[in-house]
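Working through the structure, step by step
So the chains spell out like this:
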Amino acid sequence: MRYREIMKYFDTPAAPICYVFVDRVASIFVWLNVNFLKIHPNYISILSGIFTVFSVVNFTKGLFIKGALFYFFAFLFDAIDGPSARALNKTSMLGVILEVWTDSLRLVGSTAGISWYLYKSTLDERWLLILFIWLVSFSAGLWLYPKAKESFKDFKKEKKVEGYYISPVPTWMDYEMMAFFFLPLFGQVKLGMYILVIGYFISSLGMSGYLLFLGGKKKE
């Protein structure tokens, strides 16, 4: 399979920050796996889960740089397993279940781990409040995102790149990358958490507004 064909197996609309720093790297590994390595996607998902556990454990201990590095590899392998499964025609219910569990552990575990460490080390109850606000926004978004994503594709207002679409605004995955990878590397963990929580809250409100005013309209 040619490299240019690989991108069509990635989900759309793509997160703009993740497109540059994750999808572009993941596409190379997907191409290698499809053409040469032939590693079963479920094994890649399990590897992502292992890195996720290491990441969450380090975040909980306040070892943010190590946690960020493990998080990046967990995220990277998570970006590889789905496209590999679709390209190799090896999709399965087990693969879907592994994807859901590893994604949930990476996101909820990282958020809870960092919030708990910040609370434990500062005794500032605002970090528990921030965790609560994020959980509410995340729960709302779980219901809103699938509908908003499908409706958004119908309008196709994103810029088309290599067979798929890039979102014109940051998505949940972009806020995730900022909070759990980029900012922890530079010692800005608290700023990352604020960006994560505010970003999720605004995104959930935005999806609500989009579905309320535009999501019901279909192209003629």
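Relevant structure appears above.
Heads up: these notes are all about the structure in this document. (Residues numbered from 1 in each chain as written. Predicted model: local features only at pLDDT ≥ 70, side-chain atom pairs only at ≥ 80, totals over all residues. Heavy atoms only, no water.)

Here we come to the packing of aromatic side chains. Considering all chains together, one arrives at 22 aromatic pairs under this definition. Relative to tyrosine 117, the ring of phenylalanine 64 has its centre 5.4 Å away and its plane inclined at 85 degrees; by these criteria the two rings are edge-to-face. Of the two residues, phenylalanine 64 sits in helix H4 (residues 64-87) while tyrosine 117 sits in helix H5 (residues 93-122), which places them 53 residues apart along the sequence. For phenylalanine 64, a relative accessible area of 14% puts it in the buried group. (Phe/Tyr/Trp six-rings, centres within 6.5 Å; stacked < 30°, edge-to-face > 60°. Helix = DSSP H or I, 4+ residues; strand = E, 2+ residues; numbered from the N terminus. Buried < 20%, exposed > 50% of the residue type's maximum accessible area, 1.4 Å probe, protein only.)

What follows is about the environment of leucine 144. Along the chain, leucine 144 turns up in helix H6 (residues 126-155). In this structure, the C-alpha to C-alpha distance between leucine 144 and leucine 88, residues 56 residues apart in sequence, is 30 Å. Dropping the residues within four chain positions of it, leucine 144 is found in contact with Ser204, Met207, Ser208 and Leu211. (Contact = heavy atoms within 4.5 Å.)

Right, let's talk about the nonpolar core for a bit. Of all hydrophobic cores here, the largest spans 53 residues; its most connected members are Val22, Ile114, Trp134, Met177, Phe180, Leu196 and Tyr200. When sequence neighbours within four positions are dropped, the list of residues in contact with methionine 177 reads Cys18, Val22, Tyr71, Phe72, Phe75 and Phe182. (Core = buried A, V, L, I, M, F, W, Y, C linked by side-chain atoms within 4.5 Å.)

Looking at the secondary structure, you find asparagine 42 in helix H3 (residues 41-61). Non-local contacts of asparagine 42, meaning those with residues more than four positions away in its chain, are made with Ser92, Leu94, Gly95 and Leu98.

Take the packing of H4 against H5 next. Packing of H4 against H5 brings their axes to within 11 Å, and their N-to-C directions diverge by 165 degrees. Compared by their axis directions, H4 and H5 come out roughly antiparallel. Of the two elements, H4 crosses H5, and the hand of that crossing is left-handed. Here H4 contributes Phe64, Tyr71, Ala74, Phe75, Asp78 and Asp81 to the contact with H5, which in turn contributes Glu99, Thr102, Asp103, Arg106, Ser110, Ile114 and Tyr117. When the residues that make up the contact of H4 with H5 are grouped by side-chain class, the tally is six nonpolar, two polar and five charged. (Axes fitted to C-alpha atoms, helices over the stretch in contact; angles between N-to-C directions. Parallel < 35°, antiparallel > 145°, perpendicular 65-115°, else oblique. Left-handed = near helix turned anticlockwise from the far one by under 90°. Nonpolar A, V, L, I, M, F, W, Y, C, P; charged D, E, K, R; others polar.)

In a regular helix each residue adds 1.5 Å, so 30 residues correspond to 44 Å; H5 covers 43 Å between its end C-alpha atoms and thus fits that length. By the burial criterion, the buried members of H5 are Gly95, Thr102, Arg106, Leu107, Gly109, Ser110, Thr111, Gly113, Ile114, Ser115, Leu118 and Tyr119. One or two positions beyond H5, positive phi appears at leucine 123, with a value near 55 degrees. (Expected span 1.5 Å × (residues − 1).)

Another point: unusual backbone geometry. Of note, the phi angle at lysine 38 is positive, near 60 degrees, even though the residue is not glycine. Residue placement: lysine 38 occurs in the loop between helix H2 (16-37) and H3. Take lysine 38: its relative accessible area is 46%, and that puts it in the partly exposed class. Of note, the phi angle at asparagine 89 is positive, near 55 degrees, even though the residue is not glycine. Here asparagine 89 shows up in the loop between H4 and H5. Using a relative accessible area of 67% as the deciding quantity, one classes asparagine 89 as exposed.

All we've got here are geometric facts, nothing functional implied.
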